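# Descriptive structure summary
Here are the chains, one letter per residue:
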Amino acid sequence: MFDLIYKKLYILGLFTARYVTGFFKWLGKLVMKPVKALSAVLFAAFVVVDKLVLSSARHINSEIKELFGDIKRVFGKLVSLFKQDRNEAAVTFKTYVKKAFQRHGIVFSFFTNIVTPVVALVILIATIRYWSSMNLALKITYNNADIGYVGSESVYLDAEDKATERLKTAIAANDGEALIKSAQYKIVPVKLNNMKDSEAICDKIIEYSNKNITNACGIYIDGEFLCAVKNETDATTVFDNILTSYDAGDSNAIVSFVENIEYVQGLYPDDDNTVWGADRLSEKLNSKKSEAVYYTVSSGDTVSGIAQKYGISTAKLFELNPGLNEKIHVGDRVLISSEVNFVRVQVTKTEVRTVSIPYNTVKVENPSMYKGTSKTVTKGQNGEQQITELVTYIDGVRVSSKEVSRVTTKEAVDEKIQVGTKTYSSGYGSIKNYGTVQSYGGKFVWPAIGAYSVSSGFGYRHGRLHGGIDIVKPGGNSTGCPVVAAASGTVVSAGYHPSWGYNVLINHGNGLQTRYAHMIRGSLKVSAGQRVSAGQQLGNIGSTGNVTGPHLHFEVYVNGTRVNPSGYLGR
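Residues numbered from 1 in each chain as written. Predicted model: local features only at pLDDT ≥ 70, side-chain atom pairs only at ≥ 80, totals over all residues. Heavy atoms only, no water.

### Here's the deal with unusual backbone geometry
- The phi torsion at Asp395 lies on the positive side, around 50°, for a residue other than glycine.
- Following the sequence through the fold, Asp395 ends up in the loop between β16 (383-394) and β17 (397-410). (Helix = DSSP H or I, 4+ residues; strand = E, 2+ residues; numbered from the N terminus.)

Listed below in structure tokens is the structure:
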């Protein structure tokens, strides 16, 4: 059995080897076909290149060697001949050149075909680079002189305007004679670094303006030419002195001019109208651009009418005149516009101010207190905030401010007030249900319950002042009606008096007091020093003291003087 298996495996191995070998032979033939074809193509290309290029190159190289050999051979002879007879040497040189072109024409043809295009290409690149660095510009010819190149006509016109500004004093001195001549333009290519700006052209225009010219520092205020100063340091010193004269009160303050000040170094007409000294410049800068304007009030004038007449707002008029109010009188002087300095100084600095934060009032109902009464549990306290602002002043007048930060340094404390909600009713002895505390819209509640009529008012009677009102029950029988506090306060006294009988005096604060007189003996329910609430019972109506019948005598004192209680009670 093992022999059979061995034979089968042997036969399988033979067939496998045969087929694998056949597969690789087929694969080799398949791969070699394009390789052979590519080799044939490359070989053919090499033959062509060798024949057309390399062969020509070798031939040209050989010709070049022969040419240089001929040159070496005749060079020495030409030098010797040149020393003996120059004319004959020139003829011989021409003959040698002619023979060289005839014998070595292939070399000259090669250089003509190869070197000439290369040289042309180099020339083209150089030309392109040269013109790429050039710009078309206007050549300015002014007063028969070429004064420079500009990129556009607008640059020259700007220079002309600047020159006219600088020469305006000279023009005025010449009765308006035109010092600026017409210019001629021509378009030309120039390099960028040869172009000039309007300032340089301006200097050239002035230089060729047929005037005496000097180099100076021009001073421009908000773009307008003022004058020129020979030394720029002198000019800046004058302006610096004005700034330092303002005491900002803060080392960190920024002090500057409102106007834009420019210093332009250049050429200017050398005359007194144009070139100033430092003293003259200082005098001008410290002068007024406009004086203050005042209006004298006439009959029938009003604040709004004056403001309208001069085209300003009423608020602006009040701002200019801090003490002004609506009541004006004939002859009063009202400032319409403030004086304006020739140059104005602006000071910007940081300022800190403290403002109050109002406290809130919180009311809490208290059912144990009577209606109409209240009690301050916590007294309110205002808080504080610190505000930092960036403030701007012009010539010492505050013109604007910008808030930078706001910090609360002290929190406000709410005021808490308890408000009574309890309904009051009481009786005396066997008398019940007198009712509740009444209010008629005044500052005080009605001081009696069940007794709502006034039998005698406040005023003089028979030459004597009746300093209060007498309160009774409608229809009589007032005895026993409850007497209540008209407002919250502190009891000053509670006891007997020969005239007022049993009475109570209450202090309500701020100089305000009330008195309740003629109550029944033994009915007093409060004592001196006790705190009472509005509507709280004090006693009961009786007829003690100097009376003719039972009633409540009610008085109101303001700073110790008796006043009519009716206004406080709302009746």
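### A word on helix α7 (residues 232-244)
- For α7, which comprises 13 residues, the first-to-last C-alpha distance of 18 Å matches the rise-based estimate of 18 Å (1.5 Å per residue) to within 8%.
- Turning to α7, its buried residues number three or more, namely Ala235, Val238, Phe239, Ile242 and Leu243. For α7, the angular spread of the buried residues around the axis is 140°, confining them to a single face. The exposed set on the far side of α7, more than 90 degrees from its buried face, consists of Thr233 and Thr244.
- In the core, the buried residues of α7 are packed alongside β4 (213-221), β5 (224-229), β6 (254-257), β7 (261-269), α8 (278-285) and β13 (345-357).
- Two or three places before Thr233, at the start of α7, stands the capping residue Asn231, its side-chain oxygen 2.9 Å from that residue's backbone nitrogen. (Expected span 1.5 Å × (residues − 1). Buried < 20%, exposed > 50% of the residue type's maximum accessible area, 1.4 Å probe, protein only. Arc of directions from axis to C-beta. Contact = heavy atoms within 4.5 Å. Polar contact = N/O pair within 3.5 Å; in protein donor to acceptor, adjacent residues only side chain to side chain.)

### Remarks on the environment of Val419
- Locating Val419 in the fold gives a position in strand β18 (residues 415-422).
- In the structure, Val419 is positioned 54 residues away from Glu365 in sequence and 4.8 Å away in space, judged by C-alpha atoms.

### Details of the nonpolar core
- One finds Phe444, Ile471, Val504, Ile506, Tyr516, Leu538 and Phe554 to be the most contacted residues of the largest nonpolar core, which totals 31 residues.
- Put simply, the parts of the chain that give this core at least two residues each are β22 (469-472), β23 (482-484), β25 (501-509), β26 (512-519) and β29 (552-558).
- Setting aside chain neighbours within four positions, we find Phe444 in contact with Ser439, Ala486, Ala487, His508, Leu512, Thr514, Phe554, Val556, Tyr568 and Leu569.
- Of all hydrophobic cores here, the second largest spans 20 residues; its members include Cys227, Leu243, Phe342 and Val347. (Core = buried A, V, L, I, M, F, W, Y, C linked by side-chain atoms within 4.5 Å.)

### As for a nonpolar patch on the surface
- Together, Leu121, Leu124 and Ile125 make up an exposed nonpolar region whose accessible area comes to about 280 Å².
- Here Ile125 shows up in helix α3 (residues 105-132).
- The exposure class assigned to Ile125 is partly exposed, which follows from its relative accessible area of 44%. (Patch = residues over 30% accessible without salt bridge, like charges linked within 9 Å, V, L, I, M, F, W, Y side chains within 5 Å. Areas by Shrake-Rupley, 256 points an atom, 1.4 Å probe, with all protein chains shown as cover. Salt bridge = Lys/Arg side-chain N within 4 Å of Asp/Glu carboxyl O.)

### A closer look at the sheet that holds β5
- Pairing in this open sheet of four strands is mixed, and the strands run β7-β4-β5-β8 from one edge to the other. Unpaired on one side and paired on the other, β7 and β8 (275-276) mark the two borders of the sheet.
- Where helix α4 (residues 153-166) meets the sheet, its contacts fall on β4, β5 and β7, and the angle it forms with β7 comes to roughly 80°.
- Packed onto the sheet, α8 meets β4, β5 and β8 and runs at close to 150° relative to β5. (Pairing = 2+ DSSP bridges. Axes fitted to C-alpha atoms, helices over the stretch in contact; angles between N-to-C directions.)

### Let's talk about the side chain of His553
- Structurally, the position occupied by His553 is in strand β29.
- Those residues in contact with His553 that lie beyond four places of it in its chain are His466, Gly468, Ile469, Asp470, Trp500, Arg515, Tyr516, Ala517 and His518.

### Quick look at the pairing of β5
- Counting buried positions over the six residues of β5 gives five, a clear majority of the element.
- Pairing of β4 with β5, which is carried by five bridges, proceeds in the antiparallel orientation. Each residue of the ladder has a partner; that of Gly218, found in β5, is Ala228.
- Hairpin geometry of β4 and β5 is characterised by an intervening segment of two residues between the two adjacent antiparallel strands and by a positive phi of about 50° at Asp222.
- With two bridges joining them, β5 and β8 adopt parallel strand pairing. In the sheet register, Val229 faces β8, and the bridge partner there is Trp276.

### Re the pairing of β17
- Inspection of the sheet shows β16 paired to β17 by eleven bridges, in the antiparallel sense. Opposite Gln386, over in β17, you have Val407 as the bridge partner.
- Where β16 folds back on β17, the antiparallel hairpin that results is connected by two residues, among which Asp395 adopts a positive phi of roughly 50°.

### A look at the packing of aromatic side chains
- Counted by the stated rule, this structure contains nine aromatic pairs.
- With a centroid separation of 5.5 Å and 80° between ring planes, the pair formed by Tyr440 and Trp446 is classed as edge-to-face.
- Accessibility expressed as a relative area gives 1% for Trp446, which makes it buried.
- Through a chain of ring-to-ring contacts, three or more aromatic side chains come together here, namely Phe239, Phe257 and Tyr263.
- One Lys or Arg, Arg333, reaches over the ring of Tyr294 and ends 4.2 Å from the middle of that ring. (Phe/Tyr/Trp six-rings, centres within 6.5 Å; stacked < 30°, edge-to-face > 60°. Lys NZ or Arg CZ within 6 Å of the ring centre and 35° of its normal.)

### Some remarks on the environment of Thr514
- Mapped onto the elements, Thr514 comes out in strand β26.
- Since its relative accessible area comes to 0%, Thr514 is described here as buried.
- On a C-alpha basis, the gap between Thr514 and Val558 in space is 9.0 Å, while along the polypeptide they are 44 residues apart.
- Filtering out sequence-adjacent residues up to four positions away, Thr514 remains in contact with Phe444, Val504, Leu505, Ile506, His508, Phe554, Glu555 and Val556.

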